[in-house]
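# Commentary on secondary and tertiary structure
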Amino acid sequence: MVHWSVYLFIPLALMLVAGVLFLGLFNFASGGSPQRSQKLMQMRVLFQFLAIIIVMATIFAMGR
């Protein structure tokens, strides 16, 4: 059985991805610093990678 905390990590990871995405889009749309937009998009890719790892680990654990 999967521990209850795993179900907390998936929504948290997805909220982090969405939050950084919206911050980056807002910065871009408001004419903010291009370096900041680039850094936010790099963070988004990192958070997406972590979210995929968490989801895949959860699926693996549920299959056991």
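Above this text sits the structure in question.
Residues numbered from 1 in each chain as written. Predicted model: local features only at pLDDT ≥ 70, side-chain atom pairs only at ≥ 80, totals over all residues. Heavy atoms only, no water.

### Focus: the side chain of threonine 58
For the record, the criterion: Note on conventions: DSSP H or I runs of at least 4 residues are helices, E runs of at least 2 residues are strands, and numbering of each starts at the N terminus. Working definition: with a 1.4 Å probe on protein chains only, accessible area under 20% of the residue-type maximum means buried, over 50% means exposed, and in between means partly exposed. Here a polar contact is recorded for every N or O atom pair within 3.5 Å, except that within protein the pair must consist of a potential hydrogen donor and a potential acceptor, and residues adjacent in sequence are included only if both atoms are side-chain atoms.
Mapping threonine 58 onto the fold places it in helix H2 (residues 34-62). On the basis of relative accessible area, threonine 58 is assigned to the buried category, the value being 5%. Among the polar contacts made by the side chain of threonine 58, one reaches the main-chain carbonyl oxygen of isoleucine 54 at a distance of 2.8 Å.

### Topic: the environment of leucine 40
Note the threshold: Whether two residues are in contact is decided by their heavy atoms: any pair within 4.5 Å suffices.
Relative to the assigned elements, leucine 40 resides in helix H2. Counting along the chain gives 19 residues from leucine 40 to isoleucine 59, while the straight-line C-alpha distance between them is 28 Å. Each residue touching leucine 40, except ones within four places of it in the same chain, is listed here: Val20, Leu23, Gly24 and Asn27.

### Some points on a nonpolar patch on the surface
Applied cut-off: For patch detection, residues must exceed 30% relative accessible area and be free of salt bridges, and they are connected within 9 Å for like charges or within 5 Å for nonpolar side chains (Val, Leu, Ile, Met, Phe, Trp, Tyr). Shrake-Rupley sampling with a 1.4 Å probe provides the accessible areas, and residues are treated as covered by the protein chains on show and by no other component. One side-chain nitrogen of Lys or Arg within 4 Å of one carboxyl oxygen of Asp or Glu is enough to make a salt bridge.
Among the surface-exposed residues, Phe9, Leu12, Met15 and Leu16 lie close enough to one another that they form a single nonpolar patch of about 390 Å² accessible area. Overall, the relative accessible area of 42% leaves leucine 12 in the partly exposed class.

Coordinates in, geometry out; function isn't part of it.
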